[in-house]
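Architecture and fold: a report
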Amino acid sequence: MGAKDNKVRAEGLDTATGQPVQPIAGEANGRVPSLSGDVEAVRFATVLFADIVGSTRLISVLDPEDARDVLDSTISLIRKAIHDFDGMVVRVQGDGVMAVFGVHPAVEDHPLRAALAARAIVERMRSGPSGILPAPRARVGLHSGPILLRRQDNDFGSILDVVGHATHVAGQIEKLSPPASVAISATTVSLIAESCQLQPLGTITSEIDQRGEAVFELTAIDLEGGDRIPVKGNATSPLIGRDVELDAVKALVSGQAGAALCIVGEAGMGKSRLLLEGARLSAGFGVTTLVVRGNALLAPVPFGCLGGPVRHLMQLLQPLLADVASAAALTADQAECLQGLIDNGQKWLAHLAPGDRNRIATQTILRLLQLAVVHVPLLLLVDDGQYLDRESLSVLTGIRDGRIMTMLLAGRPEALTSLAQCCDQVMNLEPLGPRAARSLVAMINRFAPLDDDTIERILDRAQGLPLALQEFAVSAQGEDGTEPAELSARIPARLDALLGARLAALDDDATRLCQFCAALGPIFPVSRLQNGAALVCRNPSGAIARLVEARVVEFAVANQARFTHQLVQEAAYRTMPRRRRTMMHARALELLAAQASSSQEAEVASHAELATHAEKAGLPQRALGHLWDACQQALSLAAIDSVRQLYLRAREMAARLEPAAAAMERARFSLLAFDTLQQLSQEQITREDMALLAEGTVDMGPGIRTVARINMAVLDWIDGAPLQGEAWLARAEADLDAHDSLPRRTYADLVAAYLAFSQARPRAAIARIERLGNRLDDGQRGSTFGAVVVIPHVLARAFGAWYLTDLGEIAKARSWVAEALNLSRRYAHAYSRLLADLAHGYLHYREGRFERALGILRGAYADCLHHHFLGFEPASASWLALTLIELGQLHEAEAVLAESVARGHFRQVRTSATYYLHEARARLAMAQGKVVQAADLAAEALEHSRSCGEAMHELHALVLCREVEAHTGMAVWGAQDVPTADLVSRIDELGLACLQRRLVAIEDRIA
């Protein structure tokens, strides 16, 4: 129903129940529509299950042929009721019928049609058409949701079938229905705009939805609605972001009678809510609201949408006037027309030509309205104007031309031309701006606020669509008021139904192009749209025009095309079954790969995009090749977070390969991303793959094996196992003795310096760094040796300056800091610059130049967070906090440390850098006078150093414990294991000037 040639006519609605007592005949009435071609598709539809109650008993007491006749006539009655409302009978099995609404035709109001069909089944079977008493009764169940439409072949031929979770739920709901009644899910009820009379029946649960689906008995549906505006979403929250439109509505309601304002916008934009505000405002002025609602079911019926409002007018006038027809000076023909409209009949003035009947009906309604406004102040509200029939529109035009009453109309863009003829002013609703959208989400969740990340995801998906903002904001809250771990990627039922109907109405060519575009994403170059149309359509230009006409795709600036809303793209992608998605991604890969080899550089797809299409086209090996190129490109741009994401994608994709191939792919990607992951404190995820390389289980050559062994040494050092790290390094250096390599030898020296310092061999560490520097000439000192996001020479000099500072060799430390700063600035490496700045700030801190250190360390800390260099986050936070404590800025120090602890990166980095976080927290507690906490934190610092095998920083921790004891008078647990004399001797032996000074200060304090 609603198709171009549809000749549906309403032949009577029971005024008490609103139920049709005679069928609304449609094109599909009495036959199953044929669906040719590839029918497989995912649709949001309403499923109906009907079962004949007591059929087993009936068959047992009747002659077999009589039983057959009864069943056949009853099934025929059920089929006819389904066809009357444009449903499709999918399956008849014994005494049960399964039907689906919203597939053919693809209508938006399929929940309403299914509900009316269900009520019609129950009412018609009650009249006993089978010829026996008691008449068979039906039990009907309804549920709406996504279903897969498919063609199924069997030995008897080919049939159309429907599968999906929604069909399972509908079958469960039907079993809850009492005999001779309709059971309907809460989901389906929420999609019906008309008022429904319901009785609760219970709740059903499933493995997919443990929360359960509420089920109701549907006793009646009110199709009149002459005084009610149904609003999708929440109609009680404040109206946000519509100040201009609301002002226009206020001006209309409070202004001169006879004005007309039209509000135009896409589904879910908030048109009905503005009409509701108009009704509320008019009530404040003592004005009565008269509502006209367009209805797709009644759109083919002349004046079909005006029957309810006419009856509402009569209810208003009859208490005031003894004879409304006489008061309106109606002619005999007009009086008969009025009675026909009141009775909802179609046989009034049947002897006249249709044109004459329409003219008389228009005059009758206009005269009735002219009479009504004399006795009752009225505001006419018109909703869903896109479904108004031509005759009803002519009445609205007559109201506007005669300035009979004030009108506020609303409709979708396709109705703009017809509605504009009825109005003085048209306002187009645009999506809400970011501020208004955020305010709306905050208002909806004011009693259980969402975190910023969840709000951002909601804003990104909704893109200012008010209904989407409401639905996502509500679904983001769990049943207990807590936010789930991740905002669901599904489209809420209301939006799914609206968008699904728009997409399902496309023809075959436009559907294929829409699906191809959905595989491309929400926005894409116009050339891809055009080339894709040539690839998948028989009539490319016609398909493009149809998508634009249906407001699925629009042209943006800079030669770009896009879906009119991101959710339209999501819905289009969801309508594709898996095989169609695979095919469309394969087509997209074919197109984009061809463009990549052409000269149109502006249109070339990124490697990451090609990888996505290859992955979704079921080509994992090809996808991994594109991901490799994408990783290398991201490394060249120092886009470390992109490298991490690409690496994780590669690991997931490799799992689809054979075990040997998967291990090889994971290993090579681990090597490529190792340096980046280390900066993000995520290097440990490579351990398994790196061990396979280091042991030679995955063989990529001796050079790679050496690098993997050095990487294993780094992993163990970071993981607090330096002795294991030294064992791996020894194996790597044995490799280098046999096959030397400058980059690998440089890397080995650098890692050897880390390990030597952690084992309290600072001179050996310095010697390694000096040897590394001497091996590199001036041109090589800026080389990255393949690790493009860090310069090894800068890394060595920065760490070396840190070591030298602890040894008190300040002049040399300054020289190395200057060298690191100059190189990092010259080559504009952000990570190298961070290392140089940290060494620079640490040098000033140890020298007591706290003001100088503060500015440098603040900048380093900000850079660390900005660039996500989280491997050095504990060190940068700790050294900044230590400097703030020395300057007495305890509140800021406490905030910095609390934020670092909350991030938790110190749990992944078990090196000397993490030790300083414990020291800073202990020193802050001392400065705040929290003696017990200071002692506990000092003990924690000592335990950390020992558990990580950090012999060097065990000495730092022991000195810290002595300071806490001297400051608080409390003994620190574990610190007494090392006598003070042994501690002093060991520090003097190593020449740790920074600790020597602290020991002298402790003695002075005790003295």
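Just so it is clear, the model here is predicted, and its values are computed rather than measured. (Residues numbered from 1 in each chain as written. Predicted model: local features only at pLDDT ≥ 70, side-chain atom pairs only at ≥ 80, totals over all residues. Heavy atoms only, no water.)

1. Re the pairing of strand β9 (residues 260-264)
Across the five residues that make up β9, a large majority, five, are buried. Residues Ala260, Cys262 and Val264 of β9 are buried on one face, and the alternating residues Leu261 and Ile263, pointing to the opposite face, are buried as well. Relative to strand β13 (residues 425-428), β9 is paired through four bridges, and the arrangement is parallel. Bridging from a neighbouring strand, Leu261 pairs with Gln425 of β13. (Buried < 20%, exposed > 50% of the residue type's maximum accessible area, 1.4 Å probe, protein only. Helix = DSSP H or I, 4+ residues; strand = E, 2+ residues; numbered from the N terminus. Pairing = 2+ DSSP bridges.)

2. Brief notes about unusual backbone geometry
Positive phi is not limited to glycine here, since Asp86 has a value of about 65 degrees. Secondary-structure assignment places Asp86 in the loop between α2 (64-84) and β2 (87-93). Notably, Ala180 is not glycine yet its phi reads approximately 60 degrees, a positive angle. Here Ala180 is to be found in the loop between α4 (165-176) and β6 (181-185).

3. What to know about the packing of helix α29 (residues 722-738) against helix α30 (residues 742-758)
At their nearest, the axes of α29 and α30 sit 10 Å apart, and the two run at 155 degrees to each other. Taken together, α29 and α30 sit at an angle that is classed as roughly antiparallel. The handedness of the crossing between α29 and α30 is left-handed. Residues Pro722, Gly725, Glu726, Leu729, Glu733, Leu736 and Asp737 of α29 pack against Arg744, Arg745, Ala748, Asp749, Val751, Ala752, Leu755 and Ser758 of α30. In terms of residue class, the contact of α29 with α30 is made up of seven nonpolar, two polar and six charged. (Axes fitted to C-alpha atoms, helices over the stretch in contact; angles between N-to-C directions. Parallel < 35°, antiparallel > 145°, perpendicular 65-115°, else oblique. Left-handed = near helix turned anticlockwise from the far one by under 90°. Contact = heavy atoms within 4.5 Å. Nonpolar A, V, L, I, M, F, W, Y, C, P; charged D, E, K, R; others polar.)

4. Some thoughts on the sheet that holds strand β10 (residues 288-293)
The strand order across the open sheet built from five strands is β10-β11-β12-β9-β13, with neighbouring strands paired in parallel fashion. Every interior strand has two partners, whereas the edge strands, β10 and β13, have only one. The average undirected angle you get between the axes of adjacent strands in this sheet is 15 degrees. The sheet contacts of helix α6 (residues 243-254) involve β9, β11 (378-383), β12 (406-411) and β13, and relative to β9 the element is tilted by about 155 degrees.

5. Focus: the pairing of strand β16 (residues 560-563)
On a regular strand, each side chain points to the face opposite its neighbour's, so the side chains alternate between the two faces of the sheet. With burial as the criterion, only one face of β16 is covered, namely that bearing Ala561 and Phe563; the residues Gln560 and Arg562 on the opposite face remain uncovered. In this structure, strand β14 (residues 523-525) lies alongside β16, joined through three bridges in antiparallel fashion. Note on β16: the bridge partner recorded for Ile523 is Arg562. Direction of pairing for strand β15 (residues 553-555) relative to β16: antiparallel, over a ladder of three bridges. Residue Glu554 lies in a different strand from β16, and its bridge partner there is Arg562. Between β15 and β16, which pair antiparallel and follow one another directly, the connecting turn spans four residues, one of which, Ala558, has a positive phi of 55 degrees.

6. Considerations on the pattern of salt bridges
Applying the stated rule across the entire model yields 62 salt bridges. Across the pair Asp641 and Arg644 runs a salt bridge, and its minimum N-O distance is 3.1 Å. Residue Asp641 and its partner Arg644 are located together in helix α25 (residues 640-654), separated by three residues, close to a single helical turn. Of the residues examined, Asp641 reaches a relative accessible area of 26% and is grouped as partly exposed. Among the residues examined, Arg644 registers a relative accessible area of 18% and is labelled buried. For the salt bridge of Arg666 with Asp689, the shortest nitrogen-to-oxygen distance reads 3.0 Å. Note that Arg666 is positioned in helix α26 (residues 659-679) and Asp689 in helix α27 (residues 687-695), a separation of 23 residues in sequence. (Salt bridge = Lys/Arg side-chain N within 4 Å of Asp/Glu carboxyl O.)

7. A word on the sheet that holds β16
Ordered in space as β14-β16-β15, the three strands form an open sheet in which the pairing is antiparallel. Both outer strands of the open sheet, β14 and β15, are each paired with one neighbouring strand and no more. Neighbour to neighbour, the strand axes of the sheet diverge by 25 degrees on average, direction disregarded.

8. Let's talk about the packing of aromatic side chains
Under the defined criterion, the tally for this structure stands at 21 aromatic pairs. Sitting over the ring of Trp348, Arg357 keeps its end group 4.3 Å from the ring centre. Above the ring of Trp816, the side-chain terminus of Arg797 is found at 4.4 Å from the ring centroid. (Phe/Tyr/Trp six-rings, centres within 6.5 Å; stacked < 30°, edge-to-face > 60°. Lys NZ or Arg CZ within 6 Å of the ring centre and 35° of its normal.)

9. Some points on the side chain of Gln569
Following the sequence through the fold, Gln569 ends up in helix α21 (residues 566-574). Judged by its relative accessible area of 10%, Gln569 is buried. Among the polar contacts listed, one links the side chain of Gln569 to the backbone oxygen of Ala518, at a separation of 2.8 Å. Excluding anything up to four places from it in sequence, Gln569 contacts Ala518, Gly521, Pro522 and Phe563. (Polar contact = N/O pair within 3.5 Å; in protein donor to acceptor, adjacent residues only side chain to side chain.)

10. What about the confidence of the model for the protein?
When pLDDT is averaged along the protein, the result is 86, and 89% of the positions lie at 70 or above. Mean pLDDT across the elements of the protein bottoms out in helix α1 (residues 55-61) (57) and peaks in helix α36 (residues 873-886) (96). Contacts for the low-pLDDT stretch residues 1-37, under 50 throughout, to residues beyond four places or in other chains number 78 contacts. Predicted confidence is poor over residues 479-487, with pLDDT under 50, and the contacts of this stretch with residues over four places away or in other chains come to 20 contacts. (pLDDT = per-residue confidence, 0-100.)

11. Some thoughts on the environment of Pro200
Following the sequence through the fold, Pro200 ends up in strand β7 (residues 195-204). Filtering out sequence-adjacent residues up to four positions away, Pro200 remains in contact with Val215 and Phe216.

12. A few points about helix α33 (residues 810-827)
Between its first and last C-alpha, α33 extends 26 Å over 18 residues, near the 26 Å set by a 1.5 Å rise per residue. What α33 keeps buried is the set Ile810, Ala813, Trp816, Val817, Glu819, Ala820, Leu821, Leu823 and Ser824. Among the structural elements, α31 (762-775), α32 (792-807) and α34 (830-846) are those in contact with the buried residues of α33. (Expected span 1.5 Å × (residues − 1).)

13. Quick word on the packing of α32 against α33
Two numbers describe how α32 lies on α33: the axes approach to 8 Å, and their chain directions differ by 155 degrees. The angle between α32 and α33 falls in the class roughly antiparallel. Between α32 and α33 lies a crossing of left-handed hand. Between α32, through His793, Val794, Arg797, Ala798, Gly800, Ala801, Leu804 and Thr805, and α33, the contact on the second element is made entirely by Ile810, Lys812, Ala813, Trp816, Val817, Glu819, Ala820, Leu823 and Ser824. Per-class residue counts for the contact of α32 with α33 are 10 nonpolar, four polar and three charged.

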